[in-house]
Structure formats: C-alpha cells, structure tokens
Amino acid sequence: MSDANIKQLSTSETDFWSELDQLLAWESVSDDKVFNTVRDIIARVRKDGDKALIEFTNQFDRMSVTDMAQLKVSSEEIEAAAKNIDKETYAALQKAADRVRQYHDKQKTESWSYTEADGTVLGQQVTPLDRVGLYVPGGKAAYPSSVLMNAIPAKVAGVEEVVMVVPTPDGQKNDLVLAAANVAGVDTVYTIGGAQAVAALAYGTQTIPAVDKIVGPGNIFVATAKSMVFGKVGIDMIAGPSEIAVVCDGKTDPDWIAMDLFSQAEHDEDAQSILISPDRNFLAKVQASVENLLVDMPRAEIIRASLKGRGAFINVKDMDEAIEVVNYIAPEHLELSIDDPQAWSKKVKHAGAIFMGRYTAEALGDYCAGPNHVLPTSRTARYSSPLGVYDFQKRSSLIMCSAEGASELGKTASVLAHGEGLTAHARSAEYRIKD
C-alpha cells in the first residue's frame, strides 16, 4: 500500500455518516498556553500602547526598532515596491484587482425607503464602516491575493481608511505584498504582526488608530486574538484549515482532479481534500494519478500528510446522493466537475464557493476569477457566506411617522406596552394619539 493512499468511504456502508463525522471533525480551539499568552499580550498593548508594540515586535520578529515611525511603511516605499516587482507580476496583480473590483461592485447595497398612505416613511440607510484593519501574514508566507480580497471589497463599500498590518521578521519586507497594497488602495501599512497587532487595531495605541472591524487570516495566535477582541470590534471569521470537495462523474481527466485535490492539501497538513464520485473505477484512477503526480510536487510531504490524515474518496450511488453528501459537508470550496453543473448547483444548499464545470479549477477563484476567496470553513457554510462588500457596510432602520401614523401606531404600541408592564413605553406612545 502506498503511503499516499487516501481513506475510502462508501455511502453503502452502515457506518458511513459516523465515519464522515469523524473525518470532518475539527476544533479550532486554542489550548490554555496560547490563550493565556494572547490574553497577556492584549492586556500589555491596552496598557502600554506603542511601547508594548515596539517590545513585542523586537522580541517576536527579531528586530531592533526604537520608535513607531520605524514600523510605518511610507507611501514612497509602497510605490517603490510596485516598481521593484517584475512587470508581468505587477500586470497580473492589476488584472486580478480589476476583476475582484468589478465583481464586488455588483454587491453594493443601496439605501431604500417607502411612504405609507398616511405619510409614514419607513426604510433602511446603508453606510460604510469608517475604518477597517487588515491582517496579512508575513515571514515566509507571501499572500498578495489576500490583500486584494480583503481590501478591495472594503474600498468598494466606501470604507474611508484601510489600515494594514504585516509582520516583517528580521526586517524583511515583501515587495509583492506591498505592491498588492498599492493596487488595492490600502491607506496605511504598519510592519507589526501577531496578537499584538490585533490588539493595537482593536483598542488603538498612541500611533495606531482603533478600527471598527478586523479582517484577514493569521496563525493560531492571531485567530485567538481576533476571537478575544470580538465585540470591541467586528471580525470576518475564525477560519479553520482549507477545504475542497470535488464531485466528479468520472468523465474528467483524473490528473486534473488529483491536482485540484493537491491545490488545497498543499496549504498544510490539516487541510482537507475530498473526492465524491458514483464511479468506483474513477476513484481508483485518481488514486493512481495522486501517486504519479505527488513525486514531482515541491510540497509533497505536506500534501501526503494532508491526504492521508484528513482526505477521503467517497463512493456514492448517484449524483443525487453526491449532492446530499456535499450539503452535509458544507465545504469551503466545491468543484462540480460533471455534466450540466449549473443545473446541479441549484441543489447545493451549503458551500462557500461553487466551481462549475471541468475547466473551472478552484485555484482560479483563489487569485483572479473575481469572487472573494475568503470563505467559510469547518462546515460554517451552513450559516455564513464569503467575505464581501456587505461585510463592510452596516444598515440603520429609518422610521418617520406622520401625525396620523403616530396616532394609529400608538394605539397598537400602547396595548402591547401595557401587556409587558412598561407604562412609560405606553404613555410615550399615547401622548401622540389624537383625541
């Protein structure tokens, strides 16, 4: 047996659903050590502000800065970074940004109202958040696509100020990330990271302005910090490992499917790649492709560990059952590599993003298709949605009663308020009732 073998499941087995539950189980809960460390960092930043940020940055990122000015990236540096990367890469960034912006433009929600017969006006006023914080991972990781996907919807929504934080271990700044910030319209960049950056964004320091919402991915310390400051600020989500579920009818090149599974497995050992098919022979072909293609992958060990630990091939009796399994999994990414994918997609109730057809690789969505790649993980697609413009807008209810409307509504409100024992409520409404 190859060590690249993936768990084989079948809906015909009596214990299938319990086995699937075990496969999907993921708890992104910090242990006590992480929780206590993050709590202490947040408390220090709240108490000492810039001083704490400088100390933590020197400690964790192996730097030797003495004041906050050294941690702010100048607009000249950001513009220079855009010129430092090669023209082809910069053009790709711009094209991706244009597509992301075009897609998100269509998500904007406008204010609305209507007037009732008695002159009462009801409606909804939509306004953008004032200031948003964007966390971008640093170090060996370079995720310019994450900058585009988080900053552009905020700007489309009308957010006036996007403050980006990105750690720069050993003082190494990533030109590609800074170029993406330039393309996406980020307003300010600070070279700080970790829980201390999240605390600074949430509570503000002498230099860093407090924001209304924090978005963007990070490690367990960042995720824990986001969960702890939630309530003081909004957050996008606490993301779990990357996931992909591929439904294939057996008519797609098995090498394509294997590589699509790799595209998520290469993120880390906890990523999850699941293939669902009614064709048992096809599953065997994809297994063979996995073994053949894995040897040439630079991140082969990570892929192998991910597929062996959390991957699965699921044999179903037909396409209806495949969709039933998909809706239970509620995957972050779903590929429908089948005939008539648009028709089948209408039966999908729970998925972060649906990639339809044999030519639509999930990787296109990660970078440049247009829809957001910040998606619900760990089955949260059952109740949540991709990041979008709506995450950076808020809604206020509008109510303006005419004298006649206030009189009529007051009668109803009075009865209900007395029923709840709230006399002041009742009398407040009754004052407006016409004799």
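Caption draft 1: Quick peek at the packing of helix α6 (residues 144-157) against helix α7 (residues 175-184). Running from amino to carboxyl end, α6 crosses α7 at an angle of 20°, the nearest separation of the two axes being 9 Å. Comparing their axes, α7 and α6 come out roughly parallel. Here the hand of the crossing between α6 and α7 comes out right-handed. Together, Pro144, Val147, Leu148, Ala151, Ile152 and Lys155 of α6 and Leu176, Val177, Ala180, Ala181, Val183 and Ala184 of α7 make up the contact between the two elements. Residue composition of the contact of α6 with α7, by class: 11 nonpolar, no polar and 1 charged.

Caption draft 2: Examining the pairing of strand β13 (residues 333-337) more closely. By the criterion of burial, β13 is predominantly enclosed, with 5 of the 5 residues buried. Of the two faces of β13, the one lined by His333, Glu335 and Ser337 and the one lined by Leu334 and Leu336 are each fully buried. The sheet contact formed by β13 and strand β14 (residues 353-356) spans 4 bridges and is parallel. Considered in β14, the bridge of His333 is made with Ala353.

Caption draft 3: Spatial organisation of the sheet that holds strand β3 (residues 112-115). Across the sheet, which stays open at both edges, the 3 strands sit in the order β3-β4-β15 with antiparallel pairing between neighbours. The open sheet is flanked by β3 and β15 (393-400), the only strands paired with a single partner. For this sheet the average axis-to-axis angle between neighbouring strands, irrespective of direction, equals 15°. Bridge count for β3 against strand β4 (residues 121-128) is 4 bridges, and the pairing is antiparallel. Considered in β4, the bridge of Ser113 is made with Gly123.

Caption draft 4: Fine view of the packing of helix α2 (residues 32-48) against helix α9 (residues 220-229). Remark: α2 packs on α9, axes separated minimally by 9 Å, with the N-to-C direction vectors making an angle of 65°. Where α2 crosses over α9, the two elements pack in a sense that is right-handed. Residue-level inspection shows Val34, Phe35, Thr37, Val38, Arg39 and Ile42 of α2 in contact with α9, the latter providing Ile220, Phe221, Thr224, Ala225, Met228 and Val229. Class assignment for the residues of the contact of α2 with α9 results in 9 nonpolar, 2 polar and 1 charged.

Caption draft 5: Expanded view of the pattern of salt bridges. Counted according to the given criterion, the structure contains 17 salt bridges. The partner of Arg62 in a salt bridge is Asp170, with the nearest N and O atoms 2.9 Å apart. Separated by 108 residues along the polypeptide, Arg62 in the loop between α3 (50-60) and β2 (72-73) and Asp170 in the loop between β6 (161-165) and α7 bring together distant segments of the chain. Across the salt bridge formed by Asp391 and Lys213, the nearest N and O atoms sit 3.9 Å from each other. Of the two residues, Asp391 is situated in the loop between α15 (362-367) and β15 and Lys213 in strand β8 (residues 213-215); the sequence distance between them amounts to 178 residues. Classification of Asp391 as partly exposed rests on a relative accessible area of 23%. Residue class for Lys213 comes out buried when judged on its relative accessible area of 11%. In the salt-bridge network here, residues are joined through shared partners; they are Arg44, Lys47, Asp48 and Glu55.

What counts and what doesn't
Residues numbered from 1 in each chain as written. Predicted model: local features only at pLDDT ≥ 70, side-chain atom pairs only at ≥ 80, totals over all residues. Heavy atoms only, no water. Axes fitted to C-alpha atoms, helices over the stretch in contact; angles between N-to-C directions. Helix = DSSP H or I, 4+ residues; strand = E, 2+ residues; numbered from the N terminus. Parallel < 35°, antiparallel > 145°, perpendicular 65-115°, else oblique. Left-handed = near helix turned anticlockwise from the far one by under 90°. Contact = heavy atoms within 4.5 Å. Nonpolar A, V, L, I, M, F, W, Y, C, P; charged D, E, K, R; others polar. Buried < 20%, exposed > 50% of the residue type's maximum accessible area, 1.4 Å probe, protein only. Pairing = 2+ DSSP bridges. Salt bridge = Lys/Arg side-chain N within 4 Å of Asp/Glu carboxyl O.

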